[in-house]
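Structure assessment
Chain by chain, the residues run as shown.
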Amino acid sequence: MSNVLQGRHIAVGVGGGIAAYKAGDLVRELRRQGAVVRVAMTKGAQEFITPLTMQSLSGAPVFTEPFDPNQDEQFGHLHLARWAHAFVIAPATADLIARIHAGMGNDAVTTSLLAFRGPVLLAPAMNTAMWDNEQTQANVRALLAVPRFRMVGPGVGPLADGDVGAGRLSELPDLIAATAKLFEQGPLTGRKVLITAGPTRESMDPVRFISNPSTGKMGLAMAATARALGAEVTVILGPSEARRPDGVTIVDITTADQMLAEVMSRVEQTDFFVASAAVSDWKAQTISTTKVKKGDEPQTVTLVRTPDVLLTASTKVHSNPKRPVLVGFAAETHDVIAYARGKLAKKKLDLVVANDVSAAGAGFAVDTNAVTMVAADGSQVNAQGSKADVARKVWERILSI
Ligand code: CTP
């Protein structure tokens with residue numbers, strides 16, 4: 001039994017063909033191998049197998065009606081796309097393949113898939129003549145030209161309608177192996193990555209807080225890249241409006257203390273800990289439960305330090321024989337490299353990614369960044385570009401340590 005599927009979120013999109021009944025076996029086996037499965041069905045699929053059957057087998061409500069307000073409330077129309085780490089279309093009928101290729105979103109399967117950016121496995125099943133049809137073949141070729149689209153089958157043999165030829169849904173072990181393969185894609189496969197991102201927000205009273213302009217984009221770019229390299233990624237994220245990458249687990253927090261608690265419960269089980277959050281350095285010593293009324297007098301607020309999440313985590317794991325690789329970020333306005341070296345030593349890190357937030361096109365709330373990576377051996381490597389480009393270069397550097 002492969003443990004590649006353990007804990008993976010897999011969306012199974014069921015098309016309307018006679019092989020739809022086999023999607024139930026697929027769902028059951030994926031779950032047996034540890035995956036968490038949600039099902040979306042086309043209208044045609046529901047003619048062959050009921051949503052209730054798929055609900056029982058998947059252990060979760062089934063998405064059938066994107067225009068049903070009740071389902072939209074329950075799923076949010078993009079929920080499945082955000083939740084899923086991978087999408088398996090089984091059976092992928094000729095019609096469903098055509099609609100996917102055309103970029104349509106006119107049922108529960110295609111709307112979800114249209115919003116999904118991760119790996120997709122097509123498991124075609126249809127009559128041989130439909131499979132051989134030039135248009136079907138052209139659609140399949142076009143989809144498979146996109147690297148994140150893969151295909152398994154169709155198998156050759158006797159078909160439900162009496163024909164013999166290509167068009168059978170692949171056998172269950174082949175479907176499972178091809179699904180698992182979607183996750184075997186990079187140097188971080190089987191590795192866990194924990195990332196802090198965004199600002200923290202420290203309340204002073206119910207309507208006021210201390211925070212900073214971090215958007216969380218750099219940390220989320222680090223998360224998306226780690227995911228693309230195959231890692232299982234968890235982000236402990238402060239208040240952030242940034243787009244959340246697919247296939248990444250996000251734990252929302254508000255304060256530094258909450259961030260610390262979420263990190264400490266995970267850091268010993270992770271292979272890489274990347275602290276990119278702009279943790280607020282201070283919090284109010286006491287938080288007023290009622291709104292503080294303003295007067296004309298100067299107001300004094302006593303601020304106390306928040307915990308240093310990275311330092312606390314680093315101290316906890318440092319003597320562990322299998323400690324995670326520890327990466328910090330440093331945002332500076334001057335003496336960038338000297339401060340980066342100081343942080344590396346003080347927090348016992350493997351790498352510090354330093355950026356000069358006063359430079360144009362770097363730092364908070366912009367989509368580009370320019371950084372210098374300082375490693376424990378003293379070496380320095382520069383990287384610049386979009387936050388995604390920089391994230392890729394930072395992971396390259398981390399992997400070379
Ligand atoms: N960090 C953290 N918890 C804090 C403060 C910082 O985890 N309370 C992490 C950040 O995520 C980042 C690194 O530590 O990875 C930044 O180090 P820090 O010493 O906070 O940098 P500055 O605040 O810039 O330091 P200083 O004010 O001393 O210049």
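Each remark here, short or long, concerns the structure printed above.
A brief structural summary. Fair warning: this is a prediction, and the values are worked out from it, not measured in the lab.

The rules we used
- Residues numbered from 1 in each chain as written.
- Predicted model: local features only at pLDDT ≥ 70, side-chain atom pairs only at ≥ 80, totals over all residues.
- Heavy atoms only, no water.
- Near = heavy atom within 4 Å.
- Polar contact = N/O pair within 3.5 Å; in protein donor to acceptor, adjacent residues only side chain to side chain.
- Areas by Shrake-Rupley, 256 points an atom, 1.4 Å probe, with all protein chains shown as cover.
- 1 Å grid on protein atoms, 1.4 Å probe; cavity = no way out; pocket = protein on both sides within 12 Å on 5 of 7 lines; lining within 4 Å.
- Sits in = over half its atoms within 2 Å of the grid points.
- Helix = DSSP H or I, 4+ residues; strand = E, 2+ residues; numbered from the N terminus.
- Nonpolar A, V, L, I, M, F, W, Y, C, P; charged D, E, K, R; others polar.
- Contact = heavy atoms within 4.5 Å.
- Buried < 20%, exposed > 50% of the residue type's maximum accessible area, 1.4 Å probe, protein only.
- Arc of directions from axis to C-beta.

Attention now goes to the site of the ligand. Within the structure, the ligand sits among 14 residues, and Ala 275, Ala 277, Pro 307, Leu 310 and Phe 329 are positioned closest to it. Here an oxygen atom of the ligand sits 2.9 Å away from a polar atom, N or O, in the side chain of Lys 343. For the ligand, whose free accessible area comes to 580 Å², the fraction covered by protein is 74%. More than half of the atoms of the ligand fall within 2 Å of the grid points belonging to the largest pocket. Elements with a contribution of two residues or more to the shell around the ligand: α13 (309–317) and β16 (325–332). Taken together, the residues of the shell around the ligand break down into 8 nonpolar, 2 polar and 4 charged.

Locating Thr 93 in the fold gives a position in the loop between β3 (86–92) and α6 (94–102). From its side chain, Thr 93 meets the backbone nitrogen of Leu 96 in a polar contact 3.1 Å long. With near-sequence residues (within four places) excluded, Thr 93 lies in contact with Gly 15, Gly 16, Gly 17, Ala 125 and Met 126.

Listing the buried residues of helix α14 (residues 336–346) in full gives Val 336, Ala 340 and Leu 344. Along α14, the residues classed as buried sweep out an arc of 70° about the axis, all on the same side. In α14, the exposed residues that point more than 90 degrees away from the buried face are Ala 338, Ala 345 and Lys 346. Buried residues along α14 sit against β16, β17 (351–356) and β18 (368–375).

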